[in-house]
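One-letter residues, chain by chain:
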Amino acid sequence: VKRISGSNGMEVLSTQILPANDEDDFIRVTLKVRMRGALENTVKAFHALETGQPYLFLDNVSIRGHARRIGSYRKGKVNYSKGNVGQMLNVDFDLIGHMRKPSS
């Protein structure tokens, strides 16, 4: 998650491993993830997570946006120009993978 999000311009805020669940011949492994980034970076990160190997699935996705000014910092002042506001997203989701149960 950190490698994919970092290479796609996202910031990982937190990860939490949730308890594993048995599903037929598999063990469901879930990771709760919180990230922040721009919309296009979020789309790229989601695509990379769901199309890579091992197969992973996104569930319980929550996306909240807020405007953030983007400017340059000079001599204690921030210089903003017109139209220089970016939309940042706070993204929460569960990342789910499955492992085959060990043979008995």
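Keep in mind that what you see is a predicted model, and the values were worked out from it rather than measured.

With that out of the way, let us pick up the environment of Arg34. Here Arg34 is to be found in strand 2 (residues 26-38). Assessed through its relative accessible area of 36%, Arg34 is described here as partly exposed. In sequence terms Arg34 and Asn90 are 56 residues apart; their C-alpha atoms lie 7.3 Å from each other. With sequence-adjacent residues up to four places away left out, Arg34 is seen in contact with Glu11, Val12, Leu13, Ser14, Arg64, Val91 and Asp92. A polar contact is formed between the side chain of Arg34 and the side chain of Asp92, at a distance of 3.1 Å.

What follows covers the confidence of the model for the chain. Across the chain, the average pLDDT comes to 85, with 80% of residues at 70 or higher. Element-level mean pLDDT values for the chain span from 48 in strand 4 (residues 72-74) up to 95 in strand 2. Across residues 78-84 the pLDDT falls below 50, and counting only partners more than four positions away or on other chains, this stretch makes 12 contacts in the model.

In the segment running from Gln53 into Pro54, the intervening peptide bond is cis, with an omega of 0 degrees. For Asp24, which is not a glycine, the phi torsion comes out positive at approximately 55 degrees. Mapped onto the fold, Asp24 is located in the loop between strand 1 (11-23) and strand 2. The phi torsion at Asn60 lies on the positive side, around 50 degrees, for a residue other than glycine. Of note, Asn60 is situated in strand 3 (residues 57-69).

This part covers the pairing of strand 1. One ladder, built from 10 bridges, connects strand 1 with strand 2; its direction is antiparallel. For Glu11, the partnering residue across the bridge sits in strand 2 and is Arg36. The hairpin formed by strand 1 and strand 2 contains 2 residues between the paired strands, and Asp24 there has a positive phi angle of roughly 55 degrees.

Moving on, we get to helix 2 (residues 39-51). With 13 residues, helix 2 should reach 18 Å at 1.5 Å per residue; the first-to-last C-alpha distance of 18 Å fits that figure. The complete set of buried residues in helix 2 reads Asn41, Thr42, Ala45, Phe46 and Leu49. Seen from one end, helix 2 has its buried residues packed into an arc of 135 degrees, which puts them on one side. For helix 2, exposure combined with an orientation more than 90 degrees from the buried face picks out Leu39, Glu40, His47 and Thr51.

What counts, and where the lines are drawn
- Residues numbered from 1 in each chain as written.
- Predicted model: local features only at pLDDT ≥ 70, side-chain atom pairs only at ≥ 80, totals over all residues.
- Heavy atoms only, no water.
- Helix = DSSP H or I, 4+ residues; strand = E, 2+ residues; numbered from the N terminus.
- Buried < 20%, exposed > 50% of the residue type's maximum accessible area, 1.4 Å probe, protein only.
- Contact = heavy atoms within 4.5 Å.
- Polar contact = N/O pair within 3.5 Å; in protein donor to acceptor, adjacent residues only side chain to side chain.
- pLDDT = per-residue confidence, 0-100.
- Pairing = 2+ DSSP bridges.
- Expected span 1.5 Å × (residues − 1).
- Arc of directions from axis to C-beta.

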